[in-house]
Amino acid sequence: MSEQKDFLFHDGTGQFCKYQKDTDTYTFVLRTVSGTVTNAYLCVNGIEMEMRCARTKGNFEYFEINLMLENQMIRYHFRVTDGHTQHYYNMFGIHDYCSEEWEFELTPGFRTPDWAKGAVMYQIMVDRFCNGDMSNDVVDGEYVYIGKSVNAVKDWNEPPAVDGTRQFYGGDLQGVINKLDYLQKLGVEVIYFNPIFCSPSNHKYDTQDYDYIDPHFGKIVVDGGAAAGEDATDNAQAEKYKIRTANIKNLEAGNQLFAELVEKAHARGIRIILDGVFNHCGSFHKWLDREKIYSRNEEYAPGAYETEESPYRNYFKFSENDWPNNGTYEGWWGFDTLPKLNYEDSEELCQYIIDIGKKWVSPPYNADGWRLDVAADLSHSQEFNHEFWKKFRTAVKTANPEAIILAEHYGDAHSWLCGDQWDTVMNYDGFMDPVTWFLTGVDKHSDNSNPNMRGDAGVFQRTLQYQISRLQNQSLLVAMNELSNHDHSRFLTRTNKMVGRVGTAGTEAAGENIDKAIFKQGVIMQMTLPGAPTLYYGDEAGVCGWTDPDNRRTYPWGREDFELLEFYREAISIHRQNQTLKTGSYQPLAEEYNFLSYGRFDEDGAVVVAINTSNQDMEVTIPVWLLGTENGQKYERLIETTRELYNCGRIQTEQYEGQIQITVKGDSAVVYRKM
């Protein structure tokens, strides 16, 4: 039998695991090198079945078997023999022994939205993106947040302060509407919003009211009342804030504006994902009302902080019966500004949040899905957590079958990704982490440095292989692949390979010694690895920043890095024009220290990517036969990055003896496509 380590291939993509709706059967396909295998077997949940050689194409034979499956997840692997020796094949490749540890997995009926597979997403932190309506801006001293009054930043380009939790720049939904043409031209297919529901903070991860858009992001049609004052220490006199955020006319006007935004985005082919913060709310929330925003408003029931008689008493876990003004409620990670919601003791709360999940993906709002904040933390037990997300999924998918449910999660999310809870995750472990270490040698926070990790293609490939093994293909192709976001340092800052935070290194240092060559390599990997490439607003314009809060700088309208912006547009265009990069199989091709090559392929196309992290040009040979192409096949270059610029000039190379030979310049990335 062939001694080549790659003479077998299978994954969960449509070309190797096909579902026939008319017969309700799955066709499992195993690709083998012609002449190397006489018999192939599929082993499902311990039961082995012989496959048939259905076809031959070029260098390969394809063994197939058709199965009808129950609606339960299956685990499977393959066994092949040439009559003398046998090998086993699973998610980690070819083995001489049977190991069930890394089997392929498939949940019949589990389907993620096709529109999200490989979709180009764009994350917007609304306060920092664009100010389209100055009449809804927070005013200085309007209210008190975490013990001090809030303030409006007058200079849009001023970087956030080290303690910037009370700073507001004025970005709003009207600003997003004003920039939809920009996003469409950039190539954005999905907008993911950081939280936009009523909340006192600029980041809005401490929700005040799940039913309404924050009027400071929406519209303020009823205004008045005095601000709390710049020297205030509580919100007793914050009449302006109370009117703005509790008046139903303001709340309804904001919801209407959001519906208009979604309609206009959809008209441009852009979907909308909302951020759901359901593990905890905020101390301002009408259910708790620690700040007494609603206490004298007859339209609202009393909060659980104020009285034990509140209808929301069981929405929170109190350690003492110390009313009125009971501050003994449980806070997430001990923060009293983030009261943890007590799902186990309130079926009413569970249903309320499930109804919120349905509400925003249904008419008239028609959002296209949810990103779930710290989703694994919800409730007080894993058992309850899983049961809740099952109910949430059923409700949301019933309301909008094409809605996506993706979760923030660090670590192994396998138990949530079996087809009955989340669709996918923010892909920290399978994208942001390995790409950052490989290209920069620092971690995603810019807190730790290990220069030996930079250029270690072997570690990168093994990490990626492991992370892919923990996701079914339906989850992998919609996983959110970010280089930067609101919780981590900007990737452009990471290219300086420095460790630092704004409080210790200062604002200016985040933009010093940055390396645009590395940045462009990261973008190429973002646009070519499996998943949904997700830009964090301003990355394309050259925004730098240490981790939170410095990563939340404003979009630099009129001060963009236009070379990077045009490069991003070109890279997005290549991604969108090649379906192979959205739904094709992933195939490692070659690796050595400072050099990495991988491919994406399907039945119609093949794309080759090569990355050189050294400063020396490399002449490399890449085994493209693994992508199913034959000798004589021509490949054309789509893009080449360089230290200074990038090149989209089309040049050709030809496959010979199963390989192509190309030059990869120092500190560059190159993408070739089968012609």
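Everything below is about the structure shown above.
Below: a short report on this structure.

1. A few points about the layout of surface pockets
- By volume, the second largest pocket amounts to about 880 Å³.
- In terms of lining residues, the second largest pocket is bounded by 34 residues, among which Trp-332, Leu-338, Asp-487, Asp-548 and Arg-552 are the most central.
- Split into classes, the residues belonging to the lining of the second largest pocket amount to 14 nonpolar, 10 polar and 10 charged.

2. Quick notes on unusual backbone geometry
- Cis peptide bonds are those with omega within 30 degrees of zero, and the linkage from Trp-323 to Pro-324 qualifies with -5 degrees.
- With respect to the helices and strands, the residue Pro-324 is situated in the loop between strand 20 (271-276) and helix 5 (347-359).
- Looking along the chain, the bond that leaves Pro-363 and enters Pro-364 is cis, with omega of 5 degrees.
- Relative to the elements of secondary structure, Pro-364 occurs in the loop between helix 5 and strand 21 (369-372).
- With a phi angle near 50 degrees, Glu-657 is a residue other than glycine that sits in the positive phi range.
- Here Glu-657 shows up in the loop between strand 32 (652-654) and strand 33 (660-664).
- Relative accessible area serves as the criterion here: at 58%, Glu-657 is assigned to the exposed category.

3. Side note on the pairing of strand 30 (residues 634-641)
- In terms of residue burial, strand 30 counts as a mostly covered element, since seven of its eight residues are buried.
- One ladder, built from three bridges, connects strand 30 with strand 32; its direction is antiparallel. When the sheet's bridge partners are listed, Lys-634 is paired in strand 32 with Glu-654.
- Sheet topology note: the strand 30/strand 34 (residues 668-674) ladder contains five bridges and is antiparallel. Looking at strand 34, one finds that Tyr-635 is bridged to Lys-674.
- The pairing of strand 30 with strand 31 (residues 646-647) spans two bridges and is antiparallel. Bridge pairing in strand 31 links Thr-641 to Tyr-646.

4. Brief notes about the side chain of Arg-31
- If you trace the backbone, Arg-31 turns up in strand 3 (residues 25-33).
- Of the side chains with opposite charge, Asp-6 lies nearest to the buried Arg-31, which makes no salt bridge, at 7.7 Å.
- A polar contact is formed between the side chain of Arg-31 and the backbone oxygen of Leu-626, at a distance of 3.0 Å.
- Every residue in contact with Arg-31, bar those within four places of it in the chain, is listed here: Phe-7, Leu-8, Phe-9, Phe-16, Phe-60, Glu-61, Tyr-62, Gln-587, Phe-601, Leu-626, Leu-627 and Gly-628.

5. Quick notes on helix 8 (residues 457-469)
- Between the first and last C-alpha of helix 8 there are 18 Å, a value that for 13 residues agrees with the 18 Å anticipated at 1.5 Å per step.
- Every buried residue of helix 8 is listed here: Ala-457, Gly-458, Phe-460, Gln-461, Leu-464, Gln-467, Ile-468 and Ser-469.
- Against helix 7 (428-440), helix 9 (473-476), helix 12 (516-528), strand 26 (585-592) and strand 27 (595-601) lie the buried residues of helix 8.

Thresholds, definitions, all that
Numbers given to residues run from 1 along each chain, matching the order in which its sequence is written. The model is predicted, so local features are restricted to residues of pLDDT at least 70 and side-chain atom pairs to those at 80 or more, both for listing and for counting; the totals for chains, interfaces and linings are taken over all residues. Side-chain metrics rest on all non-hydrogen atoms present in the structure, leaving aside hydrogens and water. A 1.4 Å probe that fits but cannot get out identifies a cavity on a 1 Å grid over protein atoms alone, an open set with protein on both sides within 12 Å along at least five of seven lines counts as a pocket, and a residue lines either if it has an atom within 4 Å of a point. Grid points are joined across faces, edges and corners, and a volume is the space filled by probe spheres set on the points. Polarity classes work like this: nonpolar for Ala, Val, Leu, Ile, Met, Phe, Trp, Tyr, Cys and Pro, charged for Asp, Glu, Lys and Arg, and polar for all others, with Gly in that last group. Helical segments are the DSSP runs of H or I of at least four residues, strand segments are the runs of E of at least two, and each set is numbered from the N terminus. The classification of residues rests on relative accessible area computed with a 1.4 Å probe and restricted to protein chains. Under 20% of the type maximum is buried, over 50% is exposed, and intermediate values are partly exposed. Should DSSP find at least two bridges between two strands, the strands are regarded as paired. Under the convention used here, Asp and Glu are negative, Lys and Arg are positive, and both His and the chain ends fall outside the count. Any carboxyl oxygen of Asp or Glu that lies within 4 Å of a side-chain nitrogen of Lys or Arg is treated as forming a salt bridge with it. Between N or O atoms, a polar contact is any pair within 3.5 Å; within protein, one atom must be a potential hydrogen donor and the other a potential acceptor, and residues adjacent in sequence are included only when both atoms are from side chains. Contacts are residue-level and defined by heavy atoms, with any inter-residue pair within 4.5 Å sufficient. The span you would expect from a helix comes to 1.5 Å times its residue count less one.

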